[in-house]
Amino acid sequence: MSTRNDDLRSIEAEVGTLIRRVKRVMGERAREVHPELHPMTYFMLTHLATHGPLRGADLADAFGMDKGGVSRQVQSLVDLGLVERKPAPEDRRAILLDATDEGRERLDAMSRSRRDRFDGRLAEWTDEELSSFAARLAAYNQSLSDD
């Protein structure tokens, strides 16, 4: 019988394994979207596709980066044809950033492919097991949301 302390150590170890796997998978996802896409830039692309159009300052705030760092990452996305710059309708001097149609299409294709593979890997899990795991994982993340 394990103790609470043993269980906490086990959870910590499993989360560490999960983090390493997520880092690897993010690199794979980025390369699936475009062979030259860097994982950090992939996160910016997904953020823009979900929340865009945004100003560069908004993107800098979202990622805790300085504007220069964001500008370099955005330029890479523009060069790859995945993000575009356009004037803000309310102030034509301001520039908004948004995912291009191609960027969104590549993200969608990658997401469908990944979801199919993920579903295949968990094919032996029942719907109840998936639902229970999703709920427990959400509860875990909520409990640690202040960290």
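Above this text you will find the structure in question.
In this report, the structure presented in the accompanying data block is examined.

Section: the pattern of salt bridges
Item 1. For the coordinates displayed, the defined rule picks out 11 salt bridges.
Item 2. A salt bridge links E102 to R106; the shortest N-O distance between them is 2.8 Å. Residue E102 and its partner R106 are located together in helix α5 (residues 101-121), separated by 4 residues, close to a single helical turn.
Item 3. A residue is classified by how much of its surface remains accessible, and E102, at 34% relative accessible area, is partly exposed.

Quick look at the nonpolar core
Item 1. Among the nonpolar cores identified, the biggest contains 22 residues, and V33, L37, Y42, L45 and L59 are the most heavily contacted of them.
Item 2. Those elements giving two or more residues to this core turn out to be α1 (4-33), α2 (39-51), α3 (56-63), α4 (67-79), β2 (91-99) and α5.
Item 3. Residues within four places of L45 in sequence aside, it is in contact with V33, L37, L77, L82, V83, A99 and L107.

Brief notes about the packing of α2 against α4
Item 1. With their axes 10 Å apart at the nearest point, α2 and α4 run at an angle of 80 degrees to one another. Our classification of the angle between α2 and α4 gives roughly perpendicular. Taking contact as the criterion, the partners of M40, T41, M44 and L45 in α2 are, on α4, V70, Q73, S76 and L77.
Item 2. Among the residues forming the contact of α2 with α4, the class breakdown is 5 nonpolar, 3 polar and no charged.

Some thoughts on the packing of aromatic side chains
Item 1. This model, assessed by the stated rule, comprises 2 aromatic pairs.
Item 2. When the ring of W125 is compared with that of F133, the centres are 5.5 Å apart and the planes differ by 85 degrees; the resulting orientation is edge-to-face.
Item 3. Judged by its relative accessible area of 34%, W125 is partly exposed.

Points about the pairing of strand β1 (residues 83-88)
Item 1. Two strands pair when backbone bridges link them, and β1 and β2 are joined in this way by 6 bridges, in the antiparallel orientation. Residue E84 lies in a different strand from β2, and its bridge partner there is D98.
Item 2. Between the end of β1 and the start of β2, which pair antiparallel, lie 2 residues.

Each value, and the rule that gives it
Residues numbered from 1 in each chain as written. Predicted model: local features only at pLDDT ≥ 70, side-chain atom pairs only at ≥ 80, totals over all residues. Heavy atoms only, no water. Salt bridge = Lys/Arg side-chain N within 4 Å of Asp/Glu carboxyl O. Helix = DSSP H or I, 4+ residues; strand = E, 2+ residues; numbered from the N terminus. Buried < 20%, exposed > 50% of the residue type's maximum accessible area, 1.4 Å probe, protein only. Core = buried A, V, L, I, M, F, W, Y, C linked by side-chain atoms within 4.5 Å. Contact = heavy atoms within 4.5 Å. Axes fitted to C-alpha atoms, helices over the stretch in contact; angles between N-to-C directions. Parallel < 35°, antiparallel > 145°, perpendicular 65-115°, else oblique. Nonpolar A, V, L, I, M, F, W, Y, C, P; charged D, E, K, R; others polar. Phe/Tyr/Trp six-rings, centres within 6.5 Å; stacked < 30°, edge-to-face > 60°. Pairing = 2+ DSSP bridges.

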